[in-house]
Every structure is written in C-alpha cells, then in structure tokens.
Amino acid sequence: MKKIRECIKWFLYITSCILIVRGGIYYFTGDINISKAILDIIIMGILTTLVTMFIFSIDIDSHWGYLIHYVLLIIIVLLYLEWNQWPHIDLNEIVIIIVAVAIVYLLVLGSYYLIDAREAKEINEKLKDKYGNK
C-alpha cells in the first residue's frame, strides 16, 4: 500500500509540474490542441513517474543518481515525442525540452521537499505530544 501511495504522490507532483511548464510553453508559442495536450501531459506523467519509481527503488542517492534520472527523463520525453510524431523536433526543440525537463525536475523536487518537510514536522510534533521531550 505504501508503494502505491508513493506512486500516486509522485504522479501528482510530476503531472502538476508538467502541466505548469507545458502551459507556459503553449502560452508563449501559441500552439495548442487542448485534448491532445491533456493526453500528452497524463501519459508523460505516467511514464516519468514509472522512471522515478524505478530509480528510487534501486536507491541511487548521489549526484550521479540525480543526473542519471534527469537524463533518463529527457530520453523518455524525446522518445515519446518521436513516437507520437511530434511535428518538429530540431535542435531548438531539443534545447526547449531539456530546459523544460529541468524546470519540471526542480519544481517537483522543491514541492516534494516542502510537503515532506511539513509532514515530518507534523509527525515530530505528534511524537513529542505522545512521548514528551526525552
């Protein structure tokens, strides 16, 4: 049950951040097909959540782990866009994707940290209330 809860949590973080970044890209480019965009965001959320759960399951806890994770996410996004016959993947688009994945990555890590820090503080307060300051 804990793994399912973690998977749902990561999916929500990742998909929300993808939505924010893609919304910004759509706003600035003017290129939008809402139904396709929503489907792409959900599929990318699922794919990147699976990659994230896999990386965290093998417990790579170093700067190299984050770099490997980031590169895997870029590869997944590029493969998805290629498979999905994205109309124009050129060098400029690849740079935009690399930057977009970086922004999503930072937003997800930031939100995860903020929410986990709050949850840890609440748990510590409950433990102090229950057992006192020993």
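Residues numbered from 1 in each chain as written. Predicted model: local features only at pLDDT ≥ 70, side-chain atom pairs only at ≥ 80, totals over all residues. Heavy atoms only, no water.

Draft legend 1. Geometry of the side chain of lysine 9. Assignment of secondary structure puts lysine 9 in helix H1 (residues 2–29). Residue classification places lysine 9 among the buried residues on the basis of a relative accessible area of 17%. Leaving out residues up to four positions away in the same chain, lysine 9 has contacts with Tyr112, Asp116 and Glu119. (Helix = DSSP H or I, 4+ residues; strand = E, 2+ residues; numbered from the N terminus. Buried < 20%, exposed > 50% of the residue type's maximum accessible area, 1.4 Å probe, protein only. Contact = heavy atoms within 4.5 Å.)

Draft legend 2. Geometry of empty space enclosed by the protein. Across all of its chains, the model carries 1 cavity of 30 Å³ or more by this definition. In this structure, the largest cavity is lined by 29 residues; those nearest its centre are Ile18, Met44, Val77, Val101 and Val104. The set of elements that each furnish at least two residues to the lining of the largest cavity consists of H1, helix H2 (34–57), helix H3 (63–83) and helix H4 (91–131). The residue makeup of the lining of the largest cavity, split by class, is 23 nonpolar, 3 polar and 3 charged. (1 Å grid on protein atoms, 1.4 Å probe; cavity = no way out; pocket = protein on both sides within 12 Å on 5 of 7 lines; lining within 4 Å. Points joined across faces, edges and corners; volume = space filled by probe spheres on them. Nonpolar A, V, L, I, M, F, W, Y, C, P; charged D, E, K, R; others polar.)

Draft legend 3. How the structure looks around the side chain of threonine 48. Along the chain, the position of threonine 48 falls in helix H2. Separated by 3.4 Å, the side chain of threonine 48 and the backbone oxygen of glycine 45 make a polar contact. (Polar contact = N/O pair within 3.5 Å; in protein donor to acceptor, adjacent residues only side chain to side chain.)

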